[in-house]
Amino acid sequence: MKAFRVAWLAAAVTLAASPPAGAVSFHDGHGLQVSAVKRLDPRLISLSVKTQALPGVQNIRILLPTGYQRHPHRRYPVLYLLDGTSGHAADWTRMGQTEQTTAGRPLIVVMPDITLDGNGGGWCSDWPNGQQHWETYHMDQLLPWVDANLRTITTRDQRAIAGLSQGGFCSLSYAARHPDRFGIALGYSGAPDIWYDPDARAGARAVINATEVGLSGVPPDTFFGDPVSDGINWAAHDPATLAENLRQTRMYLYWGNGQQGPYDSTFSPGASGIEQAIWRDNVDFQARLNALGIPAYFNDYGPGTHSWPYWARDLRWSIGQITADFAHPAPAPSQITYTSGEDQYSVFGWSVAMHRSARELVTLASASRRGFQLSGSGSATVTTPPAFRPGRRYRVSLFGPNASGKLVVRAGRSRRLTLQIPLGPSNPYAEYTPQAQSAGTMVYTTSAEIQPAR
C-alpha cells in the first residue's frame, strides 16, 4: 500500500510538472539564446534573446491568437511588425493598439527590436564595418527561430511584414531582398526609396546620417557605407531599385502629408517635417512602381503627421486585408525575376555565385525549370532548385554575346543542376562609383534553355 502511495505521488508530481497540451515554450537555436520569458497576459509574451550578430540583449514581443493553447495541432500565419527609430519591441502593444486590433484574428504577431535599447537602430542592414548585423539577426536567425518555437505556417504566402518609419523601410527592403520569405509587405509612413530617385537619395542620406551620428553614436555612412564609393550597397538595399523583386508581393503603403490632421491636438513641427519628407519619398516610390506596372495599394491619406495615432490607424485599416490575403493567397510564381548586388545569394531555391572583379547589380530573369537569363559581367555558377530527375541528363543551350553552344549536365541526388554561365569581361569598377559612371558599367546577358537530353 505504501509503495502504491509513493508511485501515485510520483505520477502526480510528474503530471503537475508537465506543461499542458499546447503550452508555449521557447528554446535556444538558430543563433539565438533565450535569456528571459514573461507571460504578460493570455495572449502577450515578452522575451529577451542574445545573439552574436548584435551587441546587448534583443527584446521581442509575441501576440498569440486566441485559443492557441487550446488547439495544439493548428498552425497560423505570421505578421512581423517592426517599430521605428528610437523605438522598442513593446511600442506596438503600448501605443499601437495591436492587441486590440488583432483580437479574434487567426494569426501570430511577432514584434522584434530594430534598435539597441531605443537608439537610432541600424536601418536593418549588416553594416559594412562588420560591427552590427541586423539583417542576419532578423532574416537568418529570428525567422527560423520563430518557426521552430511556434506553430507557424512557413510558406511565403502565410508570412507578412509591416513597419512604421524606419521599420517601414525595413519591411519593404526585407521583402525586396527576400521575396521568397514574405508574400505581403506593408509600410506605414516608411521610406521605400533611399537611392533610386536622386531627390529621395539626397533626403535619405541626410536622415540616415543624422540617425547614425545623433542617435546611434556612430560615424556618418556607417549603415550602408559611403554612397560615393559604396553606392552599390545602398542600391542593393533600396526597395525602389529592387522594385522588380516585389512584383509577386502584395504591397500596401500608407502615409500623410505632414499637415495637422484629425489626431493632432497640437502642431508638432518635427512630426510634420518628417511626414512631409515621407510624403515625397512615397510619391517617388509610387511613380517607380507605376512605371514598371507593379501593382500595389497606396493610401496617401492627406493631413496627418509622423506620430503613433496614425500608425495605429494604419494597422486597423490594413489588418483586414492582411488576414484576407492569408486566407486567399496568391499562387506561387511560375517563374521569378530577381536583382541583387550580392556576390552570392539564394532565392526561391536558386543559388547564384558571381565571379567578377567589382560589385554590381545582377539580374536573374524569367527563371523556371525550363531555363533563365542572367545579366551582369564576369561569370557565375548557377544552381537550380530541386526540380529535376536524379541521374537524368539534361541539355543546356547557351545564348549570348559571349556564350554559345550546348552542355549536357546530369542531375544529382539533390535533383539540382549546377551550371557555369559566362557573361562577359568583368567591369573594373563597382557600379555607381565615379569611375564606373565615367567608364560605364557594361551588362551582358546570357540565356540558358534546359531540356531533357535524349
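I will try to describe carefully the structure that is included in this document. Predicted model, so just to flag it, every value in this text is computed and none were measured.

## Some remarks on helix 4 (residues 134–149)
1) Next: Helix length check: helix 4, at 16 residues, gives a terminal C-alpha distance of 21 Å against a target of 22 Å (1.5 Å per residue), a fit within 8%.
2) Next: At Leu-142, helix 4 shows its strongest bend, of approximately 35°, with the proline Pro-144 following within four residues.
3) Next: For helix 4, the buried fraction is high: 12 of the 16 residues fall into the buried class.

## Observations regarding a positive patch on the surface
1) Next: There is a patch of like positive charges on the surface, built from Arg-369, Arg-370, Arg-389, Arg-392 and Arg-415.
2) Next: The topology assignment puts Arg-389 in the loop between strand 15 (378–383) and strand 16 (393–400).
3) Next: Judged by relative accessible area, Arg-389 falls into the exposed class, the value being 53%.

## Some thoughts on the pairing of strand 6 (residues 159–164)
1) Next: Counting buried residues along strand 6, 6 of its 6 residues qualify, which places the element largely inside the surrounding structure.
2) Next: Neither face of strand 6 is open: one carries Arg-159, Ile-161 and Gly-163, the other Ala-160, Ala-162 and Leu-164, and all of them are buried.
3) Next: Judged from the 5 bridges that link them, strand 4 (residues 78–82) and strand 6 form a sheet pairing that is parallel. Bridge pairing in strand 6 links Val-78 to Arg-159.
4) Next: Here 5 bridges tie strand 6 to strand 7 (residues 184–188), and the two strands are oriented parallel to one another. Directly across from Leu-164, in strand 7, lies its bridge partner Tyr-188.

Thresholds applied
Residues numbered from 1 in each chain as written. Predicted model: local features only at pLDDT ≥ 70, side-chain atom pairs only at ≥ 80, totals over all residues. Heavy atoms only, no water. Helix = DSSP H or I, 4+ residues; strand = E, 2+ residues; numbered from the N terminus. Expected span 1.5 Å × (residues − 1). Bend = angle between axes of the 7 residues up to and from the residue. Buried < 20%, exposed > 50% of the residue type's maximum accessible area, 1.4 Å probe, protein only. Patch = residues over 30% accessible without salt bridge, like charges linked within 9 Å, V, L, I, M, F, W, Y side chains within 5 Å. Areas by Shrake-Rupley, 256 points an atom, 1.4 Å probe, with all protein chains shown as cover. Salt bridge = Lys/Arg side-chain N within 4 Å of Asp/Glu carboxyl O. Lys, Arg positive; Asp, Glu negative; His and termini not counted. Charge placed at Lys NZ, Arg CZ, Asp CG, Glu CD. Pairing = 2+ DSSP bridges.

Everything listed here is a matter of coordinates, which is why it stays silent on function.
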